[in-house]
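# Coordinate inspection notes
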Amino acid sequence: MELLKTTGVVIRQTKVKENDLIITIFTKDFGVIRAAAKGARGFKNQRAAGTSLFAYSEFVLLPGKDLYRVQSCDLIESFYSLTSNIERLAFATYIADLTGYTVQEEEGTERLLSLFLNTFYLFARWGGELRTVKCVYELKLLEYLGFSPYLEGCTLCGKEDTTYFSPKEGGLVCENCHSVQMQKISPACKNAMQYILESDDKKAFAFRLSPEVLYELEYHVGSLLTSSIDHTFYSLDYLKTVLGN
Ligand SMILES: [Zn+2]
């Protein structure tokens, strides 16, 4: 079988037998895949660094029946420093989890991987508000998955003036169409969502929000995520515990 070359980030790692690993890789060319790395846990193994958790590496893979096989790998960037800070690690673990669950083995993931890498760089090194970074990634991922919220006007009647956000309807709702369970959305929060969705991936992180608007953004993006992806992420619960909310 033909060997395949790609780059990707190790988003999960499972130990099997004494020296072997099964790793989940978010790749540039094939989406999220699982690969066996034989002998990768050996101390002197050159594959140990490249297959470690959150390593961004170049992989040479052999396709198999259920799993790919790592033939060789070269570390490009290690995000290992994340593991020394409990809060940063919790952010990264959740984003890795979310990506591993929602992205399949599929083509055309180059742009999403680049956004993922930008997110990880910020988680590893940035001194700013990481909850904003998380929101940006979540919203852009939802867009990638086809769950982009409708922000042009009321999703139900098209009216321009909107004051509510409904994850169930998938966007903004006006005063006339809203129902009791819908939550209000402020103009600042609408603008933030619009900015994130319209900006290219690097610029999307370059904004600041007041704590109130950030709280609101987290709430609406979080509820959109829950209604679009029916899954409980324990890593998100853990992140919330670490952040104290
Ligand atoms: Zn309406």
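Everything below is about the structure shown above.
Residues numbered from 1 in each chain as written. Predicted model: local features only at pLDDT ≥ 70, side-chain atom pairs only at ≥ 80, totals over all residues. Heavy atoms only, no water.

Helix-helix packing is described using two parameters, namely the angle between the two axes and the distance between the axes. Axis separation between helix α2 (residues 86-102) and helix α4 (residues 130-144) bottoms out at 11 Å; the angle between their running directions is 5 degrees. Relative to α4, the element α2 lies roughly parallel. Residues R88, F91, Y94, I95, L98, T99 and T102 of α2 pack against L130, R131, K134, Y137, E138 and L141 of α4. Residues belonging to the contact of α2 with α4 are distributed by class as follows: seven nonpolar, two polar and four charged. (Axes fitted to C-alpha atoms, helices over the stretch in contact; angles between N-to-C directions. Helix = DSSP H or I, 4+ residues; strand = E, 2+ residues; numbered from the N terminus. Parallel < 35°, antiparallel > 145°, perpendicular 65-115°, else oblique. Contact = heavy atoms within 4.5 Å. Nonpolar A, V, L, I, M, F, W, Y, C, P; charged D, E, K, R; others polar.)

Topologically, S166 is positioned in strand β6 (residues 164-166). One polar contact links the side chain of S166 to the main-chain amide nitrogen of E169, over a distance of 3.0 Å. Not counting chain neighbours up to four residues away, the residues in contact with S166 comprise G171, V173 and M182. (Polar contact = N/O pair within 3.5 Å; in protein donor to acceptor, adjacent residues only side chain to side chain.)

Spatially, the three strands line up as an open sheet ordered β7-β6-β8, and their pairing is antiparallel. Each edge of the sheet is formed by a strand with only one pairing partner; in this case those strands are β7 (171-173) and β8 (183-184). In this sheet, β7 lies alongside β6 in antiparallel orientation, the contact comprising three bridges. In the sheet register, F165 faces β7, and the bridge partner there is L172. (Pairing = 2+ DSSP bridges.)

This brings us to unusual backbone geometry. Despite not being glycine, K17 has its phi angle at roughly 55 degrees, a positive value. Along the chain, the position of K17 falls in the loop between β1 (4-16) and β2 (20-27). Even without being a glycine, F54 presents a positive backbone phi close to 70 degrees.

On to the packing of aromatic side chains. A complete count under the given rule lists 12 aromatic pairs for this structure. On the numbers, 5.6 Å between centres and 85 degrees between planes, the contact of Y101 with F233 is edge-to-face. Here F233 lies in the loop between α6 (211-228) and α7 (234-243) and Y101 lies in helix α2, a separation of 132 residues in the sequence. A residue is classified by how much of its surface remains accessible, and Y101, at 39% relative accessible area, is partly exposed. (Phe/Tyr/Trp six-rings, centres within 6.5 Å; stacked < 30°, edge-to-face > 60°. Buried < 20%, exposed > 50% of the residue type's maximum accessible area, 1.4 Å probe, protein only.)

Nothing here speaks to function; it is geometry throughout.
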